[in-house]
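An overview of the molecular structure
Here are the chains, one letter per residue:
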Amino acid sequence: MIKPDNLARPSALPGHILSMFEATGLSLVGARVVWMNLSQAEEFYGFLERIFEKKLVPGIVSRLKDRLMKGFDFKLDEADYTKMAEVLKEKNAHCEVTKIMEYMTGLNRDDPENFSKPGRAKCFAFLFCGKNVIGTLRNKLGSTDPSKSEHGSIRLDYGRDLMRNGAHASDSLESATRERRIVGLLGNEPSSEKQLIEDW
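Here we summarise the structure given alongside this text. (Residues numbered from 1 in each chain as written. Predicted model: local features only at pLDDT ≥ 70, side-chain atom pairs only at ≥ 80, totals over all residues. Heavy atoms only, no water.)

Topic: the overall build of the protein
Cut-off, in case you're wondering: Only DSSP runs of H or I reaching four residues or more are called helices, and only runs of E reaching two or more are called strands; each is numbered from the N terminus. Each residue is placed in one exposure class: buried if its accessible area under a 1.4 Å probe, protein chains only, is under 20% of its type's maximum, exposed if it is over 50%, and partly exposed if it falls in between. Only the protein chains shown count as cover for residues, with accessible areas throughout obtained via the Shrake-Rupley method and a probe of 1.4 Å. In this tally Asp and Glu are treated as negative and Lys and Arg as positive; neither His nor the chain ends contributes. Charge coordinates come from a single atom per side chain, which is NZ of Lys, CZ of Arg, CG of Asp or CD of Glu.
Counting its regular elements, the protein contains 9 helices and 2 strands. Listed by position from the N terminus, the elements making up the protein come as α-β-α-α-α-α-β-α-α-α-α. For the protein, the C-alpha atoms occupy an extent of roughly 75 × 45 × 35 Å along the three principal directions. When each of the 200 residues of the protein is scored for burial, the buried share is 40%. In the structure as shown, the protein presents an accessible area of about 12,200 Å², 55% of it carried by carbon and sulfur atoms. Computed over 30 positive and 29 negative side-chain charges, the inter-centroid distance for the protein is 3 Å.

Listed below in structure tokens is the structure:
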């Protein structure tokens, strides 16, 4: 799925990204523009909160050290920073997932009325098939962090940071099935585009 920053203005970027995926030899079998709403984004990304609660603790410790090291006339040790990070980890995880959801939808997660509104940010979802499709797509995509991606990868060429990293690709068949259902790429969804083509 091509992320919103690469679709924010008319350009050739989406086509270039799609071409890089197609160059792997896989077959494109489905595509659609998605205006993800907050309910879809919650379903797509909400599970990350529990993962981030554990994974992001070292980053909280580091930020606490940067901000508090010279703020007191007494010394704080590693255990103090770790205890503070434990207190903050849920709020931090919620904040990080909120940033992702707001980026993917263009809507404020903290406004309950926004959950019934269509998103303002668009994504381009697509479905490929072929041998080792998940591994092949993820290899072409590159590391989540564009600065650590391999040469010739989409994220190195089109990503900016950990969130605005160009595109997303499912990491397993289970994730692919779940994500296809959320964005409407299972193949049985009503489509005005399909009807327009059939009528033509």
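After presenting the structure, the write-up continues.
Brief notes about unusual backbone geometry
If a residue is not glycine, its phi is most likely negative; likewise, a peptide bond is most likely trans. If you check the backbone angles, Asn 132 has positive phi at about 50 degrees while not being a glycine. Here Asn 132 shows up in the loop between strand 2 (123-129) and helix 6 (133-141).

Let's talk about the environment of Glu 113
Note on placement: Glu 113 falls in the loop between helix 5 (78-105) and strand 2. Glu 113 gets classed as exposed once you look at its relative accessible area, which sits at 55%. The sequence separation of Glu 113 and Leu 38 amounts to 75 residues, and the corresponding C-alpha distance is 9.9 Å.

Let's talk about the pattern of salt bridges
Basically, it comes down to this: What makes a salt bridge here is a side-chain nitrogen of Lys or Arg within 4 Å of a carboxyl oxygen of Asp or Glu, nothing more.
All chains considered together, the criterion is met by 10 salt bridges. With a closest N to O distance of 4.0 Å, Arg 160 and Asp 5 form a salt bridge. Of the two residues, Arg 160 is situated in the loop between helix 7 (154-158) and helix 8 (173-183) and Asp 5 in the segment before helix 1 (13-22); the sequence distance between them amounts to 155 residues. What makes Arg 160 exposed here is its relative accessible area of 52%. The salt bridge involving Glu 53 is made with Arg 50; its shortest N-O contact spans 2.2 Å. Pair noted here: Glu 53 and Arg 50 are both in helix 3 (residues 48-55), with a separation of 3 residues, about one helical turn. For Arg 50, a relative accessible area of 55% puts it in the exposed group. A single network of salt bridges, built from pairs that share partners, joins Glu 42, Glu 49 and Arg 109.

With respect to the packing of helix 3 against helix 5
Our working definition: Axis geometry follows a simple rule: fit a line to the C-alpha atoms, using only the stretch in contact for helices, then measure angles between N-to-C directions, giving values from 0 to 180 degrees. Roughly parallel means an angle under 35 degrees; roughly antiparallel means over 145; roughly perpendicular covers 65 to 115; every other angle is labelled oblique. Should the near helix be turned counterclockwise from the far one by less than a right angle, the crossing is left-handed, whereas a clockwise turn marks it as right-handed. What makes two residues a contact is simply this: any of their non-hydrogen atoms within 4.5 Å. Polarity classes work like this: nonpolar for Ala, Val, Leu, Ile, Met, Phe, Trp, Tyr, Cys and Pro, charged for Asp, Glu, Lys and Arg, and polar for all others, with Gly in that last group.
Orientation of helix 3 relative to helix 5, taken along the N-to-C sense of each, is 130 degrees, at an axis distance of 8 Å. Between helix 3 and helix 5, the angle is such that the two are oblique. Relative to helix 5, helix 3 is oriented so that their crossing is right-handed. Between helix 3, through Leu 48, Glu 49, Phe 52 and Glu 53, and helix 5, the contact on the second element is made entirely by Lys 89, Glu 90, Ala 93, His 94, Glu 96, Val 97 and Ile 100. Of the residues that constitute the contact of helix 3 with helix 5, the class distribution is 5 nonpolar, 1 polar and 5 charged.

A short note on the environment of Pro 14
In this structure, Pro 14 sits in helix 1. With near-sequence residues (within four places) excluded, Pro 14 lies in contact with Ile 2, Asn 6 and Leu 7.

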